[in-house]
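# Coordinate inspection notes
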Amino acid sequence: MQNILFFVDRLSSWVGQAFSWLIVALTFLISWEVFARYALNSPNPWAFDLMIMMYGAAFMMAGAYTLAKNGHVRGDVLYSFFPPRLQAGLDLILYFVFFIPGVVALVWAGATYAAESFAIREHSTLTANGPPLYPFKMVIPLSGALLLLQGLVEIVRCIACLKEGAWPPREADVEEVDVDKLKAQVSSEEGAR
């Protein structure tokens, strides 16, 4: 079972990391557009639409990645003081009451929205010759489906924590710098000198 959970974690991580490259492309696009607008006096009317779509796609596809890394915002001030079983119980309730219905609605409405956009080959109306919107709108149900899959994995983790009393392991990832650990490490290195 743990292998399946890790597979979904790796899938969510891979997709999130792949779509994160849109930020690099977006940076180059914005830089080029600023240069074209102010240095060449030749702005591209479709650039703003494309920037919105690229940022939106990167943002939506990061949802499952963030959930896989346990990085979504929660009331950690109180939550972190709770024992693991209470944390898992609260998470489980919230997954069934809010997460599952909300994400299923996102997938359902997003699929309808994307299908309608694809059927008419919708283009942006912000400019006269705006870029096509249907590829961007297809990201909505795709990101929702991936988020739902990762949410099911998190529900399994909650159930495992309720049974065992401890959270099951996650795959290792890059961690933020812990200031206390860094201070302890620096002081131990200074003491060794």
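Predicted model only: the values in this text are computed from it and were never measured.

Our next topic: the packing of helix α1 (residues 2–38) against helix α5 (residues 134–164). What describes two packed helices is the angle between their axes and the distance between those same axes. Taken N-terminus to C-terminus, the directions of α1 and α5 make an angle of 145°; their axes are 10 Å apart at the nearest point. α5 is crossed by α1, and the crossing has left-handed handedness. For the pair α1 and α5, the contacting residues are L5, F6, V8, D9, L11, S12 and V15 in the first and L146, L149, Q150, V153, E154, V156 and R157 in the second. Across the contact of α1 with α5, the residue classes tally to nine nonpolar, two polar and three charged.

So, about unusual backbone geometry. The phi dihedral of N41 is positive, around 55°, even though this residue is not glycine. Inspection of the secondary structure assignment puts N41 in the loop between α1 and α2 (47–68). Residue classification places N41 among the exposed positions, given a relative accessible area of 67%. Its identity is not glycine, yet R121 carries a phi of approximately 50°, on the positive side. By the element assignment, R121 lies in the loop between α4 (84–119) and α5. Since its relative accessible area comes to 42%, R121 is described here as partly exposed.

So, how was this worked out
Within any chain, residue numbers begin from 1 and follow the written order of that chain's sequence. Two thresholds apply to this predicted model, a pLDDT of at least 70 for residue-level local features and 80 or more for giving and counting side-chain atom pairs, whereas whole-chain, interface and lining totals are computed over all residues. The side-chain numbers reported here are obtained from all heavy atoms of the structure, hydrogens and water having been left aside. Fitting a line to C-alpha atoms yields each axis, with helices limited to the stretch in contact; the angle taken between N-to-C directions then spans 0 to 180 degrees. Where helices and strands are cited, they refer to DSSP runs of H or I of at least four residues and of E of at least two residues respectively, numbered from the N terminus. It is the rotation of the near helix from the far one that decides the hand of a crossing: anticlockwise by less than a right angle makes it left-handed, clockwise makes it right-handed. Between two residues, a contact is recorded if the distance between any of their heavy atoms is within 4.5 Å. Residues are sorted three ways: Asp, Glu, Lys and Arg are charged, Ala, Val, Leu, Ile, Met, Phe, Trp, Tyr, Cys and Pro are nonpolar, and all the rest, Gly among them, are polar. Three labels apply to residues, based on accessible area from a 1.4 Å probe with only protein chains included: buried if under 20% of the type maximum, exposed if over 50%, partly exposed otherwise in between.

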